[in-house]
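For reference, the chains in residue letters:
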Amino acid sequence: MTEAIIWTIASFAARDNETNLADLNTINALGGCGYHVSTKRLSDADFSAELAVLIAAPVASTIKIGVIETITHVEILADFLKRYKKQYPEISVIYEPLSLSLADMAMTESTGSMLVDAIKICLLPCVDVLILPQEQGSADSIRLFTETTQAINTLLSFGVKGVCAKAMTVKYHHDNKQQSIALDVYIDAQREILLSSPSVLSRPSARDENSGVFSSALATVIAQDYPIDDALVVARAYLNQSAETWPNNRNDFPQVVLPNTVLGDQLGLVQQMQLAYDFAPCDTNRLGLYPVVDTVEWLEKVLQQGVKTLQLRIKDKTPAEVVEDVQAAVALGRQYQARLFINDYWQLAIEHGAYGVHLGQEDMLIADFVAIKQAGLKLGLSTHGYYEILRAHQIKPSYIALGHIYPTVTKDMPSKPQGLQRLQRYADLMQDYPLVAIGGISLARAPQVAATGVGSVAVVTAITRATDYQQAIAELLAIVEPQSSLACVNDE
Ligand SMILES: Cc1ncc(COP(=O)(O)OP(=O)(O)O)c(N)n1
Ligand SMILES: Cc1ncsc1CCOP(=O)(O)O
Ligand SMILES: [Mg+2]
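Remember, it's a predicted structure, so these values are computed and weren't measured experimentally. (Residues numbered from 1 in each chain as written. Chains lettered and ligands numbered in written order. Predicted model: local features only at pLDDT ≥ 70, side-chain atom pairs only at ≥ 80, totals over all residues. Heavy atoms only, no water.)

Scanning the chain from N- to C-terminus turns up 18 helices and 17 strands. A compact globule built from 492 residues would reach a C-alpha radius of gyration of about 23 Å, and the chain, at 25 Å, matches this within 12%. By its C-alpha atoms, the chain is 80 × 55 × 40 Å across when sized along the principal axes. Looking at the chain as a whole, 54% of its 492 residues are labelled buried. Sequence separation of at least 24 residues holds for 67% of the intrachain contacts in the chain that already meet a minimum separation of 6. Put simply, the chain shows about 20,900 Å² of open surface, and 51% of that area lies on carbon and sulfur atoms. Considering the chain, the positive charge centre built from 37 side chains and the negative charge centre built from 54 side chains are found 2 Å apart. (Helix = DSSP H or I, 4+ residues; strand = E, 2+ residues; numbered from the N terminus. Rg over C-alpha atoms; globule rule 2.2 N^0.38 Å. Buried < 20%, exposed > 50% of the residue type's maximum accessible area, 1.4 Å probe, protein only. Contact = heavy atoms within 4.5 Å. Areas by Shrake-Rupley, 256 points an atom, 1.4 Å probe, with all protein chains shown as cover. Lys, Arg positive; Asp, Glu negative; His and termini not counted. Charge placed at Lys NZ, Arg CZ, Asp CG, Glu CD.)

And the structure:
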């Protein structure tokens, strides 16, 4: 893994050393390596010279910008960033101007401040993520939320790629009591993310919101190649804790706000999803070896080798053609007392009484989760990182699948492979769940995957393309289920 290099460029009117230290501590705590340029009291020529020195430092993965005090510094920096981004298009620029408010920044006409105007015109088009504090004025949460999303959309029109309005205090009603939470709202062209955390007052150990630590944390996580949604979640968890380590306590992580929840309803989120919560638990937290196959013939072959968790994943037939396969699959699952999951075809799974269904993130928008839950089927959900794991956790499925761990030839994946370190982090964070690792897991890789503590390893080609599938299953079972008791599971 290449080193995560973060450059920080800022001038602080007060508390310089304290703030710079907080930045660098954050970067170190989260596994990055920071290089800092302080712009304070620098002449324009000296500022340009400092930036030229930075060019000689190791290439940045992300650049964090804090307070920039003068119009010419803004112009010099914007010019520098434009040139640097041309040379290194992968680089991300995170900007947290601290003293500027969302409302001021989002004004379309001039604010009367030439500095703010210069920031909007010159700097924002070079910025990937702008982080602004939310004004705490309104007692009406829905209005505050609506105004915030409008302000963010205005800012996006200035050319910044994504905007996060951070730690907005939202009051809402739950169980006849008024609750107060801190809400982060992030919007870019592809996504809108809402994260809720306990209010700052109820978290005495939380870090100072106005110290620039959020953007340093975000920059450091992005520098390690985490996508923006995951980086937001980790940065928020870091702010919510006091420890100077990568966050790993679930209490510190935010909750993803979904429609059909008390908070989601009160924020006026549109209900596109038929969501249900708290699915039937699996009969074990350790689902063991989990072959995923595309024919009834393969189901029977793996069942004959003692497999107790398996999935029928058919991608090349019409729904009508699949009916008989699902029927036969359910019958086999019963005969072998195995946990049979049906991928995608949740209606057929309900109709024919499968043990469970496996669905992906996109299915959350279209599948009827209420019907799946009411039918008593177990639900497995795919996830591809922190954000999706927390989103799945809101629904409390029967298991969470974590993927893809290694490159896979079986499915075109839009995301990058997670790798073992991330898998270990997810396994530690979600250890109370049945977890399934999937994607590119070969016989040779299975021991390291199992050692992360996930109770189940799902494979396709490790079995279906093995020269001797029976031997492959025996060896995989020995790795994943060393103390397998082969308990009956369908006699409930
Ligand atoms: C155990 C397990 N994990 C993940 C997947 C992938 O499911 P999904 O995201 O729905 O993608 P498709 O399999 O439908 O292509 C899975 N099937 N099983
Ligand atoms: C269905 C699926 N979802 C994520 S990776 C994957 C395919 C896993 O197949 P293989 O074990 O052959 O990499
Ligand atoms: Mg699917």
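Having seen it, we continue.
This brings us to the packing of helix α10 (residues 296-304) against helix α11 (residues 319-335). Axis separation between α10 and α11 bottoms out at 10 Å; the angle between their running directions is 10°. Looking at the two axes, α10 sits roughly parallel to α11. Of α11, the residues touching α10 (which contributes V296, L299, E300 and L303) are D325, A328, A329 and L332. When the residues that make up the contact of α10 with α11 are grouped by side-chain class, the tally is six nonpolar, no polar and two charged. (Axes fitted to C-alpha atoms, helices over the stretch in contact; angles between N-to-C directions. Parallel < 35°, antiparallel > 145°, perpendicular 65-115°, else oblique. Nonpolar A, V, L, I, M, F, W, Y, C, P; charged D, E, K, R; others polar.)

Moving on: the site of ligand 1. By nearness alone, 16 residues border ligand 1, and Q311, R313, K315, S382 and K411 come closest of all. The separation between an oxygen atom of ligand 1 and a polar side-chain atom of H358 is 3.3 Å. Contact between ligand 1 and G360: an oxygen atom at 3.3 Å from a main-chain N or O atom of the residue. Here ligand 1 has 420 Å² of accessible area as a free molecule, and 92% of this is covered by the chains. Those elements giving two or more residues to the shell around ligand 1 turn out to be β13 (356-359), β15 (399-402) and β16 (435-438). Residues belonging to the shell around ligand 1 are distributed by class as follows: seven nonpolar, five polar and four charged. (Near = heavy atom within 4 Å. Polar contact = N/O pair within 3.5 Å; in protein donor to acceptor, adjacent residues only side chain to side chain.)

Time to look at the nonpolar core. Counting 101 residues, the largest nonpolar core has L218 and F369 as the members making the most contacts within it. Per-element accounting of this core gives the leading share, nine residues, to helix α8 (residues 228-240). Among the domains, domain 1 (5-267) and domain 2 (288-480) are the pair contributing at least three residues each to this core. Not counting chain neighbours up to four residues away, the residues in contact with F369 comprise Q274, L275, A276, F279, L359, D363, M364, L379, L381 and I395. Core analysis: the second largest hydrophobic core is formed by 55 residues, V93, L100, C126 and L130 among them. (Core = buried A, V, L, I, M, F, W, Y, C linked by side-chain atoms within 4.5 Å. Domains from an automatic or database assignment.)

Counted by the stated rule, this structure contains zero disulfides. No disulfide involves C126; its sulfur sits 8.3 Å from the nearest other cysteine sulfur, which is in C122. A relative accessible area of 5% places C126 in the buried class. (Disulfide = S-S within 2.5 Å.)

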